[in-house]
Amino acid sequence: MHKEPHLLNFLHPDLVEAGCDEAGRGPLAGPVFAAAVIMPKDFHHPLLNDSKKMTEKARETLRPIIESEALAWAVEEVSAEEIDTINILNASITGMQRAVRRLSVKPDFLLIDGNRFKPFDGYRYQCVVKGDAKFTSIAAASVLAKTYRDEYMRKLAEEYPRYGWERNMGYPTKEHVDAIIRYGYTPHHRKSFHLKQLEPTLF
């Protein structure tokens, strides 16, 4: 398979690197999901990109390929309740840290999507802004985090069908906001994510 020219397979050729990313920082409802992935240094796939730029079909196609080809991978979630307690930035970082701890292969170095992270367990790391469009391992982590979160929200939508979560995945679409105004919040909504137009109806 040809290599996507903009994706780098590693930062350090001699180190075992794990790429880390999260999905679901912006929604009003549901957990944030985080993934850590160690990919072979020669892995290439023409569909792999920043998961936000990929079609749902492409992400679903890649997920089992990533899971079977990865040297190690893990996905973790941080609940809406925990997000409200520690805030969404800390929840994203916590999720990535939990995923790294669950890897069956211990990495030497972490590639973190974004510009914020916190040291833990002595791991060396580097933050990479828009890293999911730059490094294969981060792109793979973004695919796993996004597909696992979407799957979770679709299941949650069966329990709470009025909010359209199978379509909006908890993001503040008009459909979702209108449903909150009409039916109120659920236990899966993030209480700290207030919308000004909803403040009179809150909890």
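Computed from a prediction, not measured in an experiment: that's the story for all the values here.

A.B. asks: So what exactly am I meant to see when it comes to the packing of helix α1 (residues 56-69) against helix α4 (residues 136-159) here?
C.D. replies: Geometrically, a packed helix pair is captured by the angle between its two axes and the distance between the axes. It is the contact of α1 with α4, at a shortest axis distance of 9 Å, that shows an interaxial angle of 115°. Here α1 lies roughly perpendicular to α4, going by the angle between them. Crossing of α1 over α4 shows left-handed handedness. Here α1 contributes Glu-56, Arg-59, Glu-60, Leu-62, Arg-63, Ile-66 and Glu-67 to the contact with α4, which in turn contributes Ala-140, Val-143, Leu-144, Lys-146, Thr-147, Tyr-148, Asp-150, Glu-151 and Arg-154.

A.B. asks: Hey, could you run me through the packing of aromatic side chains in this one?
C.D. replies: Aromatic ring pairs are reported here in terms of the distance separating the ring centres and the angle at which the planes meet. By the definition in use, this model includes eight aromatic pairs. Ring centres 5.0 Å apart and planes at 70° place the aromatic pair Phe-117 and Tyr-125 in the edge-to-face group. Take Tyr-125: its relative accessible area is 27%, and that puts it in the partly exposed class. Taken together, the ring pairs in this structure connect Phe-117, Phe-120, Tyr-123 and Tyr-125 into an aromatic cluster. Directly above the ring of Tyr-148 sits Arg-63, whose terminal nitrogen or CZ lies 3.7 Å from the centroid.

A.B. asks: What should I look at first to understand the pattern of salt bridges in this one?
C.D. replies: Opposite charge on two side chains permits pairing when their charged atoms draw close. For the structure shown, the criterion picks out 13 salt bridges. For Asp-132, the salt bridge goes to Lys-52, with nearest N and O atoms at 3.0 Å. Within this pair, whereas Asp-132 is found in the loop between β5 (124-128) and α4, its partner Lys-52 is found in the loop between β2 (32-38) and α1, the two being separated by 80 residues in sequence. Here Asp-132 falls in the buried class, since its relative accessible area comes to 3%. Taking the shortest distance from any N to any O, the salt bridge between Glu-151 and Arg-63 comes out at 3.5 Å. Residue Glu-151 is found in helix α4, and its partner Arg-63 is found in helix α1; the two are separated by 88 residues along the sequence. Glu-151 gets classed as partly exposed once you look at its relative accessible area, which sits at 30%. The exposure class assigned to Arg-63 is buried, which follows from its relative accessible area of 13%. What emerges from the salt-bridge pattern is a single network uniting Glu-56, Glu-60 and Arg-154.

A.B. asks: Can you help me understand the nonpolar core in this one?
C.D. replies: By size, the foremost hydrophobic cluster in this structure holds 21 residues, and its most contacted members are Val-37, Met-39, Leu-48, Ile-66 and Leu-144. Mapped by element, the contributors of at least two residues to this core are β2, α1 and α4. With seven residues, α4 is the single largest residue contributor to this core. In terms of nonpolar packing, the next biggest core, distinct from the first, is built from 19 residues, Val-32, Ile-83, Ile-180 and Phe-193 among them.

A.B. asks: When you look at the sheet that holds β2 in this model, what are you seeing that I'm missing?
C.D. replies: Backbone-to-backbone hydrogen bonds pair the strands of a sheet. The strands run either parallel or antiparallel. An order of β3-β2-β1-β4-β5 is seen for the five strands of this open sheet, with the pairing classed as mixed. Two strands close off the open sheet at either side, each with one partner strand: β3 (72-78) and β5. Put simply, the sheet's adjacent strands are angled 20° from each other on average, direction ignored. Both strand β1 (residues 17-23) and strand β4 (residues 109-113) contribute to a ladder of four bridges, which runs parallel. Across the sheet, residue Gly-19 finds its bridge partner in β4, namely Leu-111. Its contacts with the sheet put α4 on β1, β2, β3, β4 and β5, and the angle it makes with β1 is roughly 35°.

A.B. asks: Please explain helix α6 (residues 174-183) as it appears in this structure.
C.D. replies: Because each turn of an α-helix spans 3.6 residues, side chains separated by three or four positions in sequence point in the same direction. Taken together, the buried positions of α6 are occupied by His-176, Val-177, Ala-179 and Ile-180. The buried residues of α6 occupy one face: seen down the axis, they fall within an arc of 160°. Residues Lys-174 and Arg-182 are exposed on α6 and point more than 90 degrees away from its buried face. One or two steps after α6, the chain reaches Gly-184, where phi turns positive at roughly 85°.

Calculation criteria
Residues numbered from 1 in each chain as written. Predicted model: local features only at pLDDT ≥ 70, side-chain atom pairs only at ≥ 80, totals over all residues. Heavy atoms only, no water. Axes fitted to C-alpha atoms, helices over the stretch in contact; angles between N-to-C directions. Helix = DSSP H or I, 4+ residues; strand = E, 2+ residues; numbered from the N terminus. Parallel < 35°, antiparallel > 145°, perpendicular 65-115°, else oblique. Left-handed = near helix turned anticlockwise from the far one by under 90°. Contact = heavy atoms within 4.5 Å. Phe/Tyr/Trp six-rings, centres within 6.5 Å; stacked < 30°, edge-to-face > 60°. Buried < 20%, exposed > 50% of the residue type's maximum accessible area, 1.4 Å probe, protein only. Lys NZ or Arg CZ within 6 Å of the ring centre and 35° of its normal. Salt bridge = Lys/Arg side-chain N within 4 Å of Asp/Glu carboxyl O. Core = buried A, V, L, I, M, F, W, Y, C linked by side-chain atoms within 4.5 Å. Pairing = 2+ DSSP bridges. Arc of directions from axis to C-beta.

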